[in-house]
Amino acid sequence: MQSPQGTPWTVADVPDQTGRVAVVTGASTGLGFEVASVLAARGATLVLACRNRERAMAAARRITEATPGARVSIQQVDLASLASLTQAAEELGTEHEFIDLLINNAGVMVPRRDTTMDGHELHLGVNHLGTFALTSLLIDRLLPTPGSRIVTVSSVAHRNARLRLDDLQSSANYKWGEAYAQSKLANLLFTYELQRRLAAIGAETIAVAAHPGNADTELVRDFPLQQKIIGSPLVRWATKWLFQHPPEGALPLLRAATDPAVRGGEYYGPSGFREYTGSPVRVESVGQSHDLDAQRLLWAASERLCGVSFGPVIA
Ligand SMILES: NC(=O)c1ccc[n+]([C@@H]2O[C@H](COP(=O)([O-])OP(=O)(O)OC[C@H]3O[C@@H](n4cnc5c(N)ncnc54)[C@H](OP(=O)(O)O)[C@@H]3O)[C@@H](O)[C@H]2O)c1
């Protein structure tokens, strides 16, 4: 899909965001930082929702250096802790009566099995359950806001995933790649179920998904060897058609968040080979992500595991 002018959609197509409030999780670095920077440059009031205050402050400084006068604040939140999510949502709700954009970007990829503070497997807990809980806790600030959007960041990795409803926490035969992929499939199942529930109540808020392809970020920070290989100039040169820099990787997220042509339940990613690189277009997720039973069962399991509920509005 091209922009209305028939040319690839670029950062120049991000419309004016003046007067809009955008909450971006994981905005301290990588894709979240890029998305936040562009939205701030377009006039949005930005909330950098980050777990590490120092890294968030450094990101805020970089944004205001690039865009003097940018409206940027920091909300400390750890997606690995329901207590932190609850406190953050309360503080955000006090600060902002309305939220226009919630960009569920924060995510982890770790080699060894680890758990959140609430005891959930880390990929499931941060990438999906933290996202699910934060969205439910902020939904009352999004629903009354005309044109509001919830953008959740998935990955090409979802294609290889298997949703193990009998072992969502990957307790048996742990493989990090499978746990990560399952969490990214969960991001899509959640988005589609959320969109259907929003549509059922006639909400103006829409839920959209996006993925960056392969972007050269800090995501592999816990894989020293992988980081070294991917970071090598020679490897980067030889595989430049497989990787893009964070500003390009952020474009599908920005398109999902701001293009007026976007509709609820759509999914955006890069246009190139296997969606690894390229300009941002509407893409398709695998059949499993559209499985209605899987969407409903994951929703119910997520409510149970998080101890939060979207009800009574989005029952
Ligand atoms: N890079 C890729 O090729 C790629 C491909 C497909 C999908 N994605 C997805 O894109 C999203 C962004 O990743 P990235 O590539 O930009 O990686 P990144 O550079 O590592 O950024 C990840 C962000 O998530 C934050 N985060 C991690 N755990 C958190 C927690 N418990 N609570 C709050 N924030 C937390 C990090 O905060 P700290 O600064 O505190 O660490 C950081 O800001 C992720 O959802 C990832 O799965 C990335």
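Residues numbered from 1 in each chain as written. Predicted model: local features only at pLDDT ≥ 70, side-chain atom pairs only at ≥ 80, totals over all residues. Heavy atoms only, no water.

A. Here's a closer look at the site of the ligand. If you check the shell around the ligand, you find 30 residues, and the closest are Ser28, Arg55, Tyr180, Thr217 and Arg221. Within the backbone of Gly26, an N or O atom sits 3.1 Å from an oxygen atom of the ligand. Compared with its free state, where it exposes 890 Å², the ligand has 96% of that area covered by protein. Because more than half of its atoms lie within 2 Å of the grid, the ligand is assigned to the largest pocket. When the residues that make up the shell around the ligand are grouped by side-chain class, the tally is 12 nonpolar, 12 polar and six charged. (Near = heavy atom within 4 Å. Polar contact = N/O pair within 3.5 Å; in protein donor to acceptor, adjacent residues only side chain to side chain. Areas by Shrake-Rupley, 256 points an atom, 1.4 Å probe, with all protein chains shown as cover. 1 Å grid on protein atoms, 1.4 Å probe; cavity = no way out; pocket = protein on both sides within 12 Å on 5 of 7 lines; lining within 4 Å. Sits in = over half its atoms within 2 Å of the grid points. Nonpolar A, V, L, I, M, F, W, Y, C, P; charged D, E, K, R; others polar.)

B. Representation of unusual backbone geometry in the model. Located in the positive-phi region is Ser170, a residue other than glycine, with phi close to 50 degrees. Note on placement: Ser170 falls in the loop between β5 (149–153) and α5 (176–200). Phi at Asn173 is positive, roughly 50 degrees, even though this residue is not glycine. Checked against the element boundaries, Asn173 lands in the loop between β5 and α5. The class of Asn173 is exposed, set by a relative accessible area of 62%. (Helix = DSSP H or I, 4+ residues; strand = E, 2+ residues; numbered from the N terminus. Buried < 20%, exposed > 50% of the residue type's maximum accessible area, 1.4 Å probe, protein only.)

C. The sheet that holds strand β6 (residues 206–210), seen in detail. Taken in spatial order, the eight strands line up as β3-β2-β1-β4-β5-β6-β7-β8 in an open sheet, and their pairing is mixed. Among the strands making up the open sheet, the edge pair consists of β3 (71–76) and β8 (280–282). Averaged over all pairs of adjacent strands, the angle between strand axes in this sheet comes to 20 degrees, irrespective of strand direction. Across the sheet, helix α2 (residues 53–66) touches β2 (45–50) and β3, and the angle it forms with β3 is around 170 degrees. Against the sheet, α5 engages β5, β6 and β7 (267–270), with an angle of about 160 degrees to β6. (Pairing = 2+ DSSP bridges. Axes fitted to C-alpha atoms, helices over the stretch in contact; angles between N-to-C directions. Contact = heavy atoms within 4.5 Å.)

D. Examining the layout of surface pockets more closely. A volume near 1200 Å³ is recorded for the largest pocket. Forming the walls of the largest pocket are 49 residues, and the residues nearest its centre are Gly107, Met109, Tyr180, Thr217 and Leu219. Of all elements in the fold, only α1 (30–41), β2, α4 (122–142), α5 and α6 (224–231) reach the threshold of two or more residues within the lining of the largest pocket. (Points joined across faces, edges and corners; volume = space filled by probe spheres on them.)

E. Structural detail: the side chain of Arg149. Within the element layout of this structure, Arg149 appears in strand β5. Despite its burial, Arg149 remains without a salt bridge, the nearest opposite charge being carried by Asp259 at 6.3 Å. Here the side chain of Arg149 touches Ala256 through a polar contact of 2.8 Å, landing on its backbone oxygen. Discounting chain neighbours no more than four positions away, the residues touching Arg149 are Asp100, Leu101, Leu102, Leu142, Ile206, Arg255, Ala256, Ala257, Thr258, Asp259, Pro260 and Val262. (Lys, Arg positive; Asp, Glu negative; His and termini not counted. Salt bridge = Lys/Arg side-chain N within 4 Å of Asp/Glu carboxyl O.)

F. Fine view of the pattern of salt bridges. Inspection of every chain in the model, using the stated rule, returns 10 salt bridges. Measuring nitrogen to oxygen at the nearest pair gives 3.9 Å for the salt bridge that ties Arg221 to Glu218. Overall, the relative accessible area of 36% leaves Arg221 in the partly exposed class. Shared partners join several salt bridges into a network, and the residues in it are Arg55, Glu218 and Arg221.

G. Main features of the packing of α1 against helix α9 (residues 251–258). In contact at an axis separation of 9 Å, α1 and α9 are set at 45 degrees when each is read in the N-to-C sense. What the angle tells us is that α1 and α9 run oblique. Like other packed secondary-structure pairs, α1 and α9 cross with a definite hand, here right-handed. Contacts from Leu31, Val35, Val38 and Leu39 in α1 reach Leu253, Leu254 and Thr258 in α9. Looking at side-chain class alone, the contact of α1 with α9 contains six nonpolar, one polar and no charged residues. (Parallel < 35°, antiparallel > 145°, perpendicular 65-115°, else oblique. Left-handed = near helix turned anticlockwise from the far one by under 90°.)

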